[in-house]
Amino acid sequence: MTRTILTIRFTFITALAGILWQGTSAALAVPPTENERIQWSFEFQTPFAGGSMAVAPDGTIYATDNLALYAINPDGSLQWMLPGAGGGRPIDVADDGIVYTGNGPFVRAVNPDGTPRWTFTLLESLVAGPSLGPDGNLYGATDNDSNNPSSDKGAFSIDPTTPTPTLRWTNPGNPLIFSLSGGGLPVVFADGQAVMGITVTAAGGAAIWEFGPSGQQNWEGGDLDPVVFGKPTVDPLGRVITSGGQSVIATASNGSNVWQTQVPASVTGILPPVIDESGAIYTADTIGGERWSLSPDGSTRYFLAGDGGIVNALGVSPGGQRFLLGGNDPGNPGFVRAYSGDDGAPLWQITLDPNGGFNEFVWSQAFSFAQDSGTAYFTTRAGGGGANGRLYALSLSGTSGGKGHHGGGKGHNK
């Protein structure tokens, strides 16, 4: 089997304004700005905020920069920080409150009070995970040098419950798992199988692999027709939902194709989708922000013209009431836009204030949400790297009545 490397061809949008698929017209209208929805922002200690977050049942938000792991209270104050545990990898919180994350070749477990629990050292850097599986084990993948393959590289699983962590299995992948773009993508689980999306090249090509809980490889994106790539997610029916440049694709957990739906109009590239509890699927164009929603059977619910800018983060609030897009407009401040999940109608927008004289932009891969679904969280970086990254809390229903700011790991208002 040959290695699967995919690239995305960028084609510029020519005329999508005013188009609402399914025959209803709608004027292009940027949602009204409502910056008072920002409840608070927390400032990291470096410019390099991570793209992953986790929200615990008690409301604690876990996030990283390139140096530390932070536990942040629901009011935006610092609970604790652990230097050396940063790095932007996925974060998971177990039922007992233990936090799992990683950086470089390290998988780390952190106690609920912020003290280190253990560190497991891999042979190569993480390119997926670590993520906590439904069986209580950790799953992920490391880079694999095609010139020197090793059974100790590639996909892996760790038992974190033993007195010291135990490597359960490794699988180099067929084709070999490798990446030129680092890590940051979580492992997702379909019917107990671990599905890993790996960014293969710096240009954005990617592929997915699925492994069973005992380490056997079930399938890889190159085995499918059509080839799938992009960050995978799983719908309520246990199907793997991915993007494929101009398509959204549903794949059964056994690797068989369920459906593929082509985007209704020419776009630059479709972002990895997000899914609500009903199985409705939401995605958007990377440039321009054309938004597209599909039903669980793959039919288009709506396709709407975008409001401009470069979109890199999506989110759908629990219940599907709000569909969020975050990104930046080159040379201008970044934004978060909210739309109705039901019909895609624009609701409101926040425009990020300059940070240290630099425009901020949304850095998160996806939005995270509070347990009551009333608050969304996202991270930012500042253009030029001259200001520290931030974590924002954003009210989805009503307003907060003013902005607060917490920063520098100090845990107090500035």
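Keep in mind that what you see is a predicted model, and the values were worked out from it rather than measured.

1. With respect to the environment of Gly51
Thinking step 1. Among the structural elements, Gly51 can be located in the loop between strand 1 (38–43) and strand 2 (53–55).
Thinking step 2. A C-alpha to C-alpha distance of 8.4 Å links Gly51 and Thr380, two positions 329 residues apart in sequence.
Thinking step 3. When near neighbours in sequence (up to four residues on either side) are disregarded, Gly51 contacts Trp363, Ser364, Gln365 and Thr379.

2. Structural notes on the pattern of salt bridges
Charged atoms that come close allow side chains of opposite charge to pair.
Thinking step 1. This structure, assessed with the given rule, holds five salt bridges.
Thinking step 2. Here Glu124 and Lys153 are joined by a salt bridge, their closest N and O atoms 3.2 Å apart. In this pair, Glu124 sits in the loop between strand 9 (116–121) and strand 10 (126–132) while Lys153 sits in the loop between strand 11 (138–142) and strand 12 (155–159), placing the two residues 29 residues apart along the sequence.
Thinking step 3. Assessed through its relative accessible area of 8%, Lys153 is described here as buried.
Thinking step 4. With a shortest N-O distance of 3.9 Å, Asp307 and Arg291 are connected by a salt bridge. Taken together, the residues Asp307 in the loop between strand 25 (300–304) and strand 26 (310–316) and Arg291 in strand 24 (residues 291–294) connect sequence positions 16 residues apart. Summarising the burial analysis for this pair, Asp307 and Arg291 share the class buried.

3. Digging into the confidence of the model for the protein
Thinking step 1. Within the protein, residue pLDDT values average 85, and 83% of them lie at 70 or more.
Thinking step 2. Overall, residues 1–29 carries pLDDT values under 50, and its contacts beyond four positions in sequence, including any with other chains, amount to 69 contacts.
Thinking step 3. Predicted confidence for residues 410–414 stays below pLDDT 50, and this span has 11 contacts to residues more than four positions away or in other chains.

4. Quick word on the side chain of Asn355
Thinking step 1. Turning to its location among the elements, Asn355 is positioned in the loop between strand 29 (346–351) and strand 30 (360–362).
Thinking step 2. Beyond its immediate chain neighbours, meaning those up to four positions away, Asn355 contacts Glu360, Ala382, Ala387, Asn388 and Arg390.

5. A few points about the sheet that holds strand 2
Thinking step 1. Judged by pairing direction, the sheet is antiparallel, and its four strands sit side by side in the order 2-3-4-5 without closing on themselves. Only two strands of the sheet have a single partner each, and these edge strands are strand 2 and strand 5 (78–83). Sheet twist, expressed as the mean angle between neighbouring strand axes with direction ignored, is 15°.
Thinking step 2. Looking at chain direction, strand 2 and strand 3 (residues 61–64) are connected through three bridges and run antiparallel. Bridged to Ala54 within strand 3 is Tyr62.

6. Describing the pairing of strand 32 (residues 375–382)
Thinking step 1. The buried fraction of strand 32 amounts to eight of the eight residues, a majority that puts the element mostly inside the structure.
Thinking step 2. Every second residue of strand 32 is oriented toward a common face, with Thr375, Tyr377, Thr379 and Arg381 on one face and Ala376, Phe378, Thr380 and Ala382 on the other, all of them buried.
Thinking step 3. Taking the residues between adjacent antiparallel strands as the criterion, strand 31 (residues 368–369) and strand 32 are bridged by five residues, where Ser373 takes a positive phi near 65°.
Thinking step 4. Pairing of strand 32 with strand 33 (residues 390–395), which is carried by six bridges, proceeds in the antiparallel orientation.

Analysis parameters
- Counting restarts for each chain, with residues numbered from 1 along the sequence as it is written.
- Local features in this predicted model are restricted to residues of pLDDT 70 or higher, and side-chain atom pairs are both shown and tallied only at a pLDDT of 80 or more, whereas totals for entire chains, interfaces and linings draw on every residue.
- Heavy atoms throughout the structure, all of them, feed into the side-chain values; hydrogens and water do not.
- Secondary structure counts use DSSP, requiring at least four H or I residues in a row for a helix and at least two E residues in a row for a strand, with both numbered from the N terminus.
- Here, two residues are considered to be in contact whenever any of their heavy atoms come within 4.5 Å of each other.
- Criterion for a salt bridge: a side-chain nitrogen of Lys or Arg within 4 Å of a carboxyl oxygen of Asp or Glu.
- Buried, partly exposed and exposed residues are distinguished by accessible area as a fraction of the type maximum, computed with a 1.4 Å probe on protein chains only: under 20%, between the cut-offs, and over 50%, respectively.
- The score called pLDDT rates the predictor's confidence residue by residue, from a low of 0 to a high of 100.
- At least two DSSP bridges between two strands are needed for those strands to be called paired.
- Note on geometry: axes are lines fitted to C-alpha atoms, helical ones only across the stretch in contact, with angles between N-to-C directions running from 0 to 180 degrees.

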